[in-house]
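# Close look at the chain arrangement
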Amino acid sequence: MKKIHIFQTILIMMAMIISVSCKPKEPTDLAKASIIPKPVTVSATGEAFTLNSKTAIFVDAGSDELTRTGQYLADKLNASTGLTIVVNEAQTEPGKGSIFLTLSGADQSLGEEGYLLTVTKQQVKLSAANPAGLFMGVQTIRQITARDSVSGKPGPFRIATGTITDHPDYSYRGMMLDVSRHFFGVEDVKQVIEYLAFYKINMFHMHLSDDQGWRIEIKSWPNLTAHGGSTQVGGGQGGFYTQEQYSDIVKFAADRYITVVPEIDMPGHTNAALSSYPELNCNGKAPDLYTGTDVGFSSLCTKKEITYTFIDDVVREISALTPGPFFHIGGDESHATKVEDYIPFINRVQDIVAKYGKRVIGWDEIALSTLKPNSVAQCWASEENAIKAIAQGAKILMSPAKKAYIDMQYDKSTPLGLHWAAYIEVDDGYNWDPASYIPGVGKENIIGVEAPMWTETITKLDDIEYMMFPRLPGIAEIGWTPVSMRNWDEYKFRLAQHAKFFEEMDINYYKSPRVPW
Ligand code: IFG
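No experiment lies behind these values; they were computed from the predicted model shown.

### Structural notes on the overall build of the protein
The helix and strand inventory of the protein stands at 17 helices and 17 strands. Relative to its length of 517 residues, the protein is compact, with a C-alpha radius of gyration of 25 Å against a globular reference of 24 Å. By principal-axis analysis of the C-alpha atoms, the protein measures approximately 100 × 55 × 45 Å. Going through the 517 residues of the protein one by one, you find that 59% of them count as buried. Pairs at least 24 apart in sequence give 73% of the contacts found in the protein among residues at least 6 apart. Accessible area for the protein stands at about 20100 Å²; split by element, carbon and sulfur atoms hold 56% of it.

Given below as structure tokens:
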């Protein structure tokens, strides 16, 4: 055979091998999809639904809320696939090739945020008893839509067929962002909220005041932001949210079924307020603004009536802008407040918060006071305080600094963060169970988990991303998936698969050596 023929034969064989190996691997095993948080039940049927230019989303007719969720899914799928999926109102049961979001036919036992996802070759059907459940299911659809089209043009994209029945273990799955030590503008905050939605986080706690900055406009006390919001750690220009901007953040979060929890830290961590109004100080003198990172040196004057007028105005104005049930009163590290003054202060502040219809959350030191039965102690440092809190009938929000503080360095080489509590590598942040972390504090005492991001060393969105990822997905799974179904040696492979999502969302994540990327 002439050489040319041999060469041609080899070329043809190579082309065949390449075409077979490049063919997107059919994602036909739904049980192998890398979903985080891990769903409660998944059963695969071994085929695939194909998304292409004919795919359309249908939602129950007559619901702006469902149309908004449908459009959210369309926008996300179109952005990642290049398709142009549109949203229609379903007058009747949609047919072949549809993605159907509906509130009918779902089991009420799935609760507020549960959903049932049924994928066949013909249709993707997402049903839930409540709109929040549909939104949670939408995140699952985003995660199981394989984007491995190598054709270079949109589609086809596939979703493995089967059924997912899912609902969260805890009702409070949160992240806190400290916008006081360093201020972050509305767009950065919205980007963080967008990331949280992808992992079914449903609570966003904003640490709005501290020694270094007051970050929320209070119309009756304008100097809090004019003066108290004018700087930050390191002396930068700081900043603050007008009430309109705060409301914009609240709505952006609510559209993603995320509830904002505002925190005004008191009586300690109040230098910015004290510097703004001399009358709030026991000696009538306003201290300078503070741009360092010490804690525990400031205290509102718990003996002065004007202090409670101030707090009443602040709680009233912020509560009026906050649809969520919680108001966080801080209460941590009040080393400059005598305990005999701290206790009646917290008691009185709880009454003020209740007057405005909100439920108190506070760092675990508030357990020293007489907690209202529906108050929540956020456990960060003291197991003793957690026990004191539940002894009073209060609930616990689990944020142990040694496990959940995502401002902690991963290890001693991490360029950002602190390590006073611990170095927290990705497996350390995943390998714990809130319901057995503190002896005597069981699941029945716990409303959920939250990952605080303190920002003494965090100055920009890239930094937030680096410390959030890849630990935040682990916190999300701890809050959603039953501990009996959680195992680091299995989770780490799912997490590794999420690198494609981090890259697609342009997230500056830490490539931990503990994860098999
Ligand atoms: N503890 C302080 C925070 C912050 C943190 C940094 C709490 C409740 C250390 N209080 O955590 O203000 O400085 O890791």
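### A word on the site of the ligand
Taken together, 14 residues lie around the ligand, and Arg-181, Tyr-405, Asp-407, Trp-420 and Glu-456 are the ones closest in. One of the side-chain nitrogen or oxygen atoms of Asp-332 is found 2.9 Å away from a nitrogen atom of the ligand. Measuring from an oxygen atom of the ligand, one finds a side-chain N or O atom of Tyr-405 at 2.7 Å. Bound to the protein, the ligand loses 96% of the 350 Å² it would expose on its own. When its residues are assigned to classes, the shell around the ligand shows 8 nonpolar, 1 polar and 5 charged.

### Some words on the side chain of Glu-333
Relative to the helices and strands, Glu-333 is located in the loop between β13 (326-328) and α9 (339-355). Here Glu-333 sits buried without a salt bridge, and the closest side chain of opposite charge, Arg-181, lies 5.3 Å off (N-O distance). If we ignore the near neighbours within four places in the chain, the residues touching Glu-333 are His-269, Val-295, Gly-296, Glu-365 and Trp-380.

### Digging into the pairing of strand β8 (residues 172-178)
On any regular strand, side chains alternate: one points to one face of the sheet, the next to the other face. Within β8, 7 of the 7 residues are buried, leaving the element largely enclosed by the surrounding structure. Burial along β8 is two-sided: Tyr-172, Gly-174, Met-176 and Asp-178 facing one way and Arg-173, Met-175 and Leu-177 facing the other are all buried. The sheet contact formed by β8 and strand β17 (residues 446-453) spans 6 bridges and is parallel. Across the sheet, Arg-173 pairs through a bridge with Val-449, a residue of β17. Pairing between β8 and strand β9 (residues 203-207): 5 bridges, direction parallel. For Met-175, the partnering residue across the bridge sits in β9 and is Phe-204.

### Digging into the state of the cysteines
Disulfides are covalent bonds that link the sulfur atoms of two cysteine residues. Enumeration according to the criterion identifies 1 disulfide in this entry. Put simply, Cys-282 and Cys-301 are joined by a disulfide, and their sulfur atoms are 2.0 Å apart. Taking the torsion about the sulfur-sulfur bond, which here is approximately 100°, the covalent link between Cys-282 and Cys-301 counts as right-handed. Taken as a pair, Cys-282 in the loop between α7 (271-276) and α8 (305-320) and Cys-301 in the loop between α7 and α8 lie far apart in primary sequence, 19 residues in all. A residue is classified by how much of its surface remains accessible, and Cys-282, at 56% relative accessible area, is exposed. Look at Cys-301 and you get buried, because its relative accessible area is 3%.

### Here we look at the packing of aromatic side chains
Scanning the model with the defined rule gives 29 aromatic pairs in all. With a centroid separation of 5.3 Å and an interplanar angle of 45°, the aromatic rings of Phe-135 and Tyr-257 are classed as tilted. Placement of Phe-135 in helix α3 (residues 131-144) and of Tyr-257 in the loop between α6 (243-254) and β12 (259-263) is noted, with a sequence separation of 122 residues between them. Both residues of the pair, Phe-135 and Tyr-257, count as buried. Across from the ring centre of Phe-501, 4.9 Å away, lies the NZ or CZ of Lys-500, which sits over that ring.

### Some points on the pattern of salt bridges
Scanning the model with the defined rule gives 25 salt bridges in all. Asp-248 is paired through a salt bridge with Lys-190; the nearest N and O atoms lie 2.9 Å apart. Note that Asp-248 is positioned in helix α6 and Lys-190 in helix α4 (residues 186-198), a separation of 58 residues in sequence. Taking the relative accessible area as the measure of exposure, Asp-248 reaches 32% and is therefore partly exposed. For Lys-190, a relative accessible area of 13% puts it in the buried group. Linked by salt bridges that have partners in common, Lys-38, Glu-477, Glu-490 and Arg-494 make up one network.

### Quick word on the environment of Lys-125
By the element assignment, Lys-125 lies in strand β6 (residues 123-127). The spatial distance from the C-alpha of Lys-125 to the C-alpha of Leu-101 is 6.2 Å, given a sequence separation of 24 residues. Beyond its immediate sequence surroundings of up to four residues, Lys-125 is in contact with Glu-93, Phe-100, Thr-102, Leu-116, Leu-117 and Thr-118.

### Looking at helix α2 (residues 64-81)
The first and last C-alpha atoms of α2 sit 25 Å apart over 18 residues, in line with the 26 Å expected at 1.5 Å per residue. Gly-82, located one to two residues past α2, shows a positive phi value of around 80°.

### Examining the sheet that holds strand β3 (residues 86-90)
Overall, mixed pairing links the 7 strands, which are arranged β1-β7-β5-β6-β4-β2-β3 in an open sheet. Two strands lie at the open edges of the sheet, namely β1 (41-51) and β3, each paired on one side alone. Each adjacent strand pair in this sheet contributes to an overall mean axis angle of 25°, direction not counted. Two strands pair when backbone bridges link them, and strand β4 (residues 98-102) and β6 are joined in this way by 5 bridges, in the parallel orientation. Residue pairing for β6: Ile-99 is matched across the bridge by Val-124. Strands β1, β2 (56-60), β3, β4 and β7 (157-166) of the sheet are contacted by α2, whose axis makes an angle of about 165° with β2.

Criteria and cut-off values
Residues numbered from 1 in each chain as written. Predicted model: local features only at pLDDT ≥ 70, side-chain atom pairs only at ≥ 80, totals over all residues. Heavy atoms only, no water. Helix = DSSP H or I, 4+ residues; strand = E, 2+ residues; numbered from the N terminus. Rg over C-alpha atoms; globule rule 2.2 N^0.38 Å. Buried < 20%, exposed > 50% of the residue type's maximum accessible area, 1.4 Å probe, protein only. Contact = heavy atoms within 4.5 Å. Areas by Shrake-Rupley, 256 points an atom, 1.4 Å probe, with all protein chains shown as cover. Near = heavy atom within 4 Å. Polar contact = N/O pair within 3.5 Å; in protein donor to acceptor, adjacent residues only side chain to side chain. Nonpolar A, V, L, I, M, F, W, Y, C, P; charged D, E, K, R; others polar. Lys, Arg positive; Asp, Glu negative; His and termini not counted. Salt bridge = Lys/Arg side-chain N within 4 Å of Asp/Glu carboxyl O. Pairing = 2+ DSSP bridges. Disulfide = S-S within 2.5 Å. Phe/Tyr/Trp six-rings, centres within 6.5 Å; stacked < 30°, edge-to-face > 60°. Lys NZ or Arg CZ within 6 Å of the ring centre and 35° of its normal. Expected span 1.5 Å × (residues − 1). Axes fitted to C-alpha atoms, helices over the stretch in contact; angles between N-to-C directions.

Keep in mind that these numbers describe shape and distance, not what the molecule does.
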